[in-house]
Amino acid sequence: MNPVFADLPVTVFETMSRLGREHGAINLGQGFPDDPGPDDVREVAAKALRDGYNQYPPMMGLPSLRAAVAEHYGRHQGLELDPDTEVMVTSGATEALAGAIFALIEPGDEVVLFEPMYDAYLPLVRRAGGIPRFVTLKPPYFRLEDEALAAAFSDRTRLVILNNPLNPSATVFGEAALSLLAGYCERFDAVALCDEVWEHVIFDGARHVPLMALPGMRERTIKVGSAGKIFSLTGWKVGFVMAAPELMRVLARAHQFLTFTTPPNLQEAAAYGLGKNDAYFTGMRAGLARSRDRLATGLSGLGFTVLPSAATYFVSIDIGAADDVAFCERLVRENGVAAIPVSAFYETGRVKNLVRFCFAKTDATLDAALERLSRQASAA
Ligand code: PMP
Ligand code: GLN
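Since we're looking at a predicted model, the values are computed, not measured.

Student: Before we go on, may I ask you to explain the pattern of salt bridges in this structure?
Tutor: Two side chains that carry opposite charge are able to pair once their charged atoms sit near each other. Evaluated as defined, the whole model comprises 23 salt bridges. Between Glu106 and Arg158 there is a salt bridge, and its shortest N-O distance comes to 3.9 Å. On the criterion of sequence distance, the pair formed by Glu106 in the loop between helix H5 (92-104) and strand S3 (110-115) and Arg158 in strand S5 (residues 157-163) is long-range, its members being 52 residues apart. Judged by relative accessible area, Glu106 falls into the partly exposed class, the value being 47%. Judged by relative accessible area, which is 30%, Arg158 ranks as partly exposed. Note that Asp363 and Arg294 form a salt bridge whose closest N and O atoms lie 3.3 Å from each other. Taken as a pair, Asp363 in helix H14 (residues 363-379) and Arg294 in helix H12 (residues 278-301) lie far apart in primary sequence, 69 residues in all. Under the relative-accessibility criterion, Asp363 is labelled partly exposed at 39%. Salt bridges linked by common partners bring Lys47, Arg50 and Asp51 together as one network.

Student: For this particular structure, what's the right way to read the environment of Leu307?
Tutor: Note that Leu307 resides in the loop between strand S9 (305-306) and strand S10 (314-318). Take Leu307: its relative accessible area is 8%, and that puts it in the buried class. Each C-alpha atom, one on Leu307 and one on Thr90, is 34 Å from the other, the two residues being 217 residues apart in sequence.

Student: Sorry, what's going on with the sheet that holds strand S13 (residues 354-358) here?
Tutor: In a beta sheet, neighbouring strands are held together by backbone hydrogen bonds and run either parallel or antiparallel to one another. If you walk across this open sheet you meet the 4 strands as S9-S10-S13-S12, and the pairing is antiparallel. This sheet does not close on itself; its edge strands, each paired only once, are S9 and strand S12 (340-341). Judged from the 2 bridges that link them, S12 and S13 form a sheet pairing that is antiparallel. Residue pairing for S13: Pro341 is matched across the bridge by Val355. Contacts from H12 reach S9, S10 and S13, with the element oriented near 15° to S10. The sheet strands contacting helix H13 (residues 324-335) are S10, S12 and S13, and the helix crosses S13 at an angle near 45°.

Student: Would you mind showing me how to read the layout of surface pockets here?
Tutor: Rolling a probe over the atoms, with the probe sized like a water molecule, indicates the empty space that remains. If you add up the space inside the largest pocket, you get close to 1300 Å³. Lining the largest pocket are 49 residues; nearest its centre among them are Thr11, Val12, Phe13, Asp119 and Ala120. Put simply, the parts of the chain that give the lining of the largest pocket at least two residues each are helix H1 (3-6), helix H2 (12-22), H5, helix H6 (121-127), helix H9 (227-230) and H13. If you tally residues by element for the lining of the largest pocket, the top one is H2, at 6 residues. A per-class count over the lining of the largest pocket returns 27 nonpolar, 13 polar and 9 charged. Approximately 320 Å³ is the volume attributed to the second largest pocket. For the second largest pocket, the lining is made up of 18 residues, of which His200, Ile202, Ala206, Arg207 and Arg285 are closest to its centre.

Student: Looking at this model, I keep getting lost on the sheet that holds strand S6 (residues 191-195). Mind explaining?
Tutor: Ordered in space as S2-S8-S7-S6-S5-S3-S4, the 7 strands form an open sheet in which the pairing is mixed. If you trace the sheet from one side to the other, it starts and ends with strand S2 (87-90) and strand S4 (131-136), each paired once. If you compare each strand with its neighbour and ignore which way they point, the axes differ by 20° on average. Alignment of S3 against S5, held across 4 bridges, turns out to be parallel. Paired with Glu110 across the strands is Thr157, a residue of S5. Helix-sheet contacts for H5 involve S2, S5, S6, strand S7 (221-226) and strand S8 (239-242), and the interaxial angle to S7 is about 160°. Sitting on the sheet, helix H8 (residues 175-187) touches S3, S5 and S6, and the angle it makes with S5 is about 165°.

Student: For this particular structure, what's the right way to read H2?
Tutor: Three or four residues apart is the spacing at which side chains of an α-helix point the same way, because the helix has 3.6 residues per turn. All of the buried residues along H2 are Val12, Phe13, Met16, Ser17, Leu19 and Gly20. The buried residues of H2 all sit within an arc of 160° when viewed along its axis, so they share a single face. Among the exposed residues of H2, those oriented more than 90 degrees off its buried face are Arg21 and Glu22. Contact partners of the buried residues in H2: strand S1 (26-27), H13, strand S11 (337-338), S12 and S13. Within two residues after H2, Gly24 carries a phi angle of roughly 60°, on the positive side.

Student: Would you mind going over the site of ligand 1 with me for this structure?
Tutor: Residues in close proximity to ligand 1 include Gly92, Ala93, Thr94, Tyr118, Asn163, Asn167, Asp195, Val197, Trp198, Ser226, Lys229 and Lys237, which together make up its full environment. Within the side chain of Thr94, a nitrogen or oxygen atom sits 2.6 Å from an oxygen atom of ligand 1. In this structure, an oxygen atom belonging to ligand 1 sits 2.9 Å away from a side-chain N or O atom of Asn167. Here ligand 1 loses 94% of its free accessible area of 400 Å² to cover by the protein chains. The cavity that encloses ligand 1 is the largest pocket.

Reading the values: the criteria
- Residues numbered from 1 in each chain as written.
- Chains lettered and ligands numbered in written order.
- Predicted model: local features only at pLDDT ≥ 70, side-chain atom pairs only at ≥ 80, totals over all residues.
- Heavy atoms only, no water.
- Salt bridge = Lys/Arg side-chain N within 4 Å of Asp/Glu carboxyl O.
- Helix = DSSP H or I, 4+ residues; strand = E, 2+ residues; numbered from the N terminus.
- Buried < 20%, exposed > 50% of the residue type's maximum accessible area, 1.4 Å probe, protein only.
- Pairing = 2+ DSSP bridges.
- Contact = heavy atoms within 4.5 Å.
- Axes fitted to C-alpha atoms, helices over the stretch in contact; angles between N-to-C directions.
- 1 Å grid on protein atoms, 1.4 Å probe; cavity = no way out; pocket = protein on both sides within 12 Å on 5 of 7 lines; lining within 4 Å.
- Points joined across faces, edges and corners; volume = space filled by probe spheres on them.
- Nonpolar A, V, L, I, M, F, W, Y, C, P; charged D, E, K, R; others polar.
- Arc of directions from axis to C-beta.
- Near = heavy atom within 4 Å.
- Polar contact = N/O pair within 3.5 Å; in protein donor to acceptor, adjacent residues only side chain to side chain.
- Areas by Shrake-Rupley, 256 points an atom, 1.4 Å probe, with all protein chains shown as cover.
- Sits in = over half its atoms within 2 Å of the grid points.

As structure tokens, then:
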């Protein structure tokens, strides 16, 4: 067996969801909403499944979805994308990330990774033969700092993988941090793989800035998005990749042998959904921000130290000297609430005091979880 995968544990999301089921817990671990997703988008998918074409769609994605992606990112982020040469549809952001990593890295190439990092990045980089160079971002601000970047980049750097907004810290890299990083990408001639699946889930009037829009980055950035996050339909696994034509040609070569294509009815529905008016996106953010405030206020009320949450479905607490894994295991067994230990997102073991909760839930679910957590707090 290949040791990269043979030596890995089951992902923290699967582990916590399984423990949650075993203990009849409320699952605030793995990030998925209670909300069934927009009726109209699901209706388009159902109709396309029933009445539409269900054979292989084109390898690059349905023309309607590629056009919708280009239009969407023009309208929301000011990007000019050619739907024919700069947009490809993938089976989730995960496939887009895997394809880009396999397409771009040769054994021995260095890859700059920011921890906390989404759990898929490191195994994929290692399987491709890349050498990870970590930049550790520390709570509570998770800032990108010049010194750390200077230590991580070298003449062997081929790729840098950035997640913005960042899961699990729920922070957003703004223009200043992005231009600092862009400077390093230019200086070391590195490609940036930018995982922007949380781009629409951003609160308090903040605006998402795509790394691709920064000076010098248009030709060297691969931007990744996900319909799962845009429409609160995490099981759909419809992703989009955007890149300049030269990069896209290489990405397409990897994609053709990974999944080749993605279910056409879900592509039709994503194309429809991307065209929804601003009210949908504003409403989605407002609803999630209300849920964030409900959970954060409740957790503070129980005496927990709550970190700010500027984006994503997540809010974290600082548990001080306690160990996050032990804390989460106790929480699920004794209190019936599943959460995620944030140390799972760190490779170097530097942060063990944060626990992540998903707030993309109904008020009733959040209140019930808080009530269960209060039993913990008062007994402790
Ligand atoms: N990247 C990040 C940062 C994520 O949080 C997630 C899932 N929540 C993904 C990628 C995976 O996206 P998809 O389900 O579209 O593969
Ligand atoms: N991205 C989701 C999260 O952070 C989980 C995805 C998964 O289960 N692989 O919770």
